[in-house]
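Topology and contacts: notes
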Amino acid sequence: MKHVFLLALLLCSPNDNELSDQETKDGWVLLFNGKDQDGWVDSNAVALKPEMIQDGAINPHGAAGHMVYTKEKYGNFVLACDFKISKGCNSGVFIRTGSMKDPVQTGFEVQVFDSAGKEKVGKHDSGALYDIVAPSKNTMKPAGEWNHMEITANGGKVSIALNGEKIVECDLDQGTEPGKSPDGTKNKFTKALKDFAREGHFGLQDHGQDCWFKNLKVKPLKG
């Protein structure tokens, strides 16, 4: 009976860059097919270079404008992905990006950084809502290992889970002043967090090192 259960589990489990039947029923949409650049562009709205697709993953290193984006825009959602970094890597996942030419001031970044093992993590470490909220704990795996991230954005509420643990919760509506986060600390943004667009592109950042993303999928939420 045990072997029958394990076989059934294997048959139901999707391969990389595929959706299970249940995920499809639940409304998940695959963002990357693991084979080509379909659905993705660089900062110039040009299709990705074929060499950026590596072993079933997107590697944004070398992208024009240091970023690759989804062609489509998304508002309220759960975004899931697996990522692996090279040693010393600095990257990020951008959400609700309004302008491909100015992602820093028109969207929000969830930091991807080689911060595994760091005792005290801050607003620029892996899993942070960059420059706004630090992760509550360090759940990042060492360079070379795959991590799983889920980002939920619904209205002004944003939460981040890394490797199965929720590490960030934020209410952007409480960011009522330019340059100031909900907790009163300073940030880099030139307008209040509450005034950012609630819809935009997803982006994967190139900050000079190799970083790989796969199993990119989104579940749109009703606002």
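In case you missed it, the structure is sitting above this.
Residues numbered from 1 in each chain as written. Predicted model: local features only at pLDDT ≥ 70, side-chain atom pairs only at ≥ 80, totals over all residues. Heavy atoms only, no water.

1. Notes on the pairing of strand β13 (residues 211–220)
Moving residue by residue along a regular strand, the side chains alternate between the two faces of the sheet. Most of β13 is tucked away, with eight of its ten residues classed as buried. Examined bridge by bridge, strand β1 (residues 29–30) and β13 share two bridges and lie antiparallel to one another. Counterpart to valine 29 in the pairing with β13 is valine 218. Pairing of strand β6 (residues 77–85) with β13, which is carried by eight bridges, proceeds in the antiparallel orientation. Looking across to β13, one finds that valine 78 is bridged to lysine 219. (Buried < 20%, exposed > 50% of the residue type's maximum accessible area, 1.4 Å probe, protein only. Helix = DSSP H or I, 4+ residues; strand = E, 2+ residues; numbered from the N terminus. Pairing = 2+ DSSP bridges.)

2. With respect to the pattern of salt bridges
If charged atoms from side chains of opposite charge come close, those side chains can pair. For the structure on display, the rule yields eight salt bridges. Its salt-bridge partner being glutamate 23, residue lysine 217 comes within 2.4 Å of it at the nearest N-O pair. Taken together, the residues lysine 217 in strand β13 and glutamate 23 in helix α2 (residues 21–25) connect sequence positions 194 residues apart. The same class applies to lysine 217 and to glutamate 23, which are both buried. (Salt bridge = Lys/Arg side-chain N within 4 Å of Asp/Glu carboxyl O.)

3. Quick word on the pairing of strand β11 (residues 165–171)
In this structure, strand β10 (residues 157–162) lies alongside β11, joined through six bridges in antiparallel fashion. Looking at the pairing, lysine 157 lines up with aspartate 171 of β11. Here β10 folds back onto β11, and the loop between the two strands holds two residues, one of which, asparagine 163, carries a positive phi near 55°.

4. A closer look at unusual backbone geometry
A positive phi is found at aspartate 55, a non-glycine position, where the angle reads about 50°. Structurally, the position occupied by aspartate 55 is in the loop between β3 (53–54) and β4 (57–58). Despite not being glycine, histidine 66 has its phi angle at roughly 60°, a positive value. Take histidine 66: it is sitting in the loop between β4 and β5 (67–74).

5. Here's the deal with the sheet that holds strand β12 (residues 200–205)
Read from one edge of the open sheet, five strands run β2-β5-β12-β7-β8, paired in antiparallel fashion. Every interior strand has two partners, whereas the edge strands, β2 (40–42) and β8 (108–113), have only one. The average angle at which neighbouring strand axes cross in this sheet is 25°, direction not considered. Across three bridges, strand β7 (residues 90–97) lies against β12 in antiparallel orientation. Its bridge partner being in β12, phenylalanine 94 is matched across the sheet by glycine 203. (Axes fitted to C-alpha atoms, helices over the stretch in contact; angles between N-to-C directions.)

The values reported here are purely geometric and, on their own, carry no functional implication.
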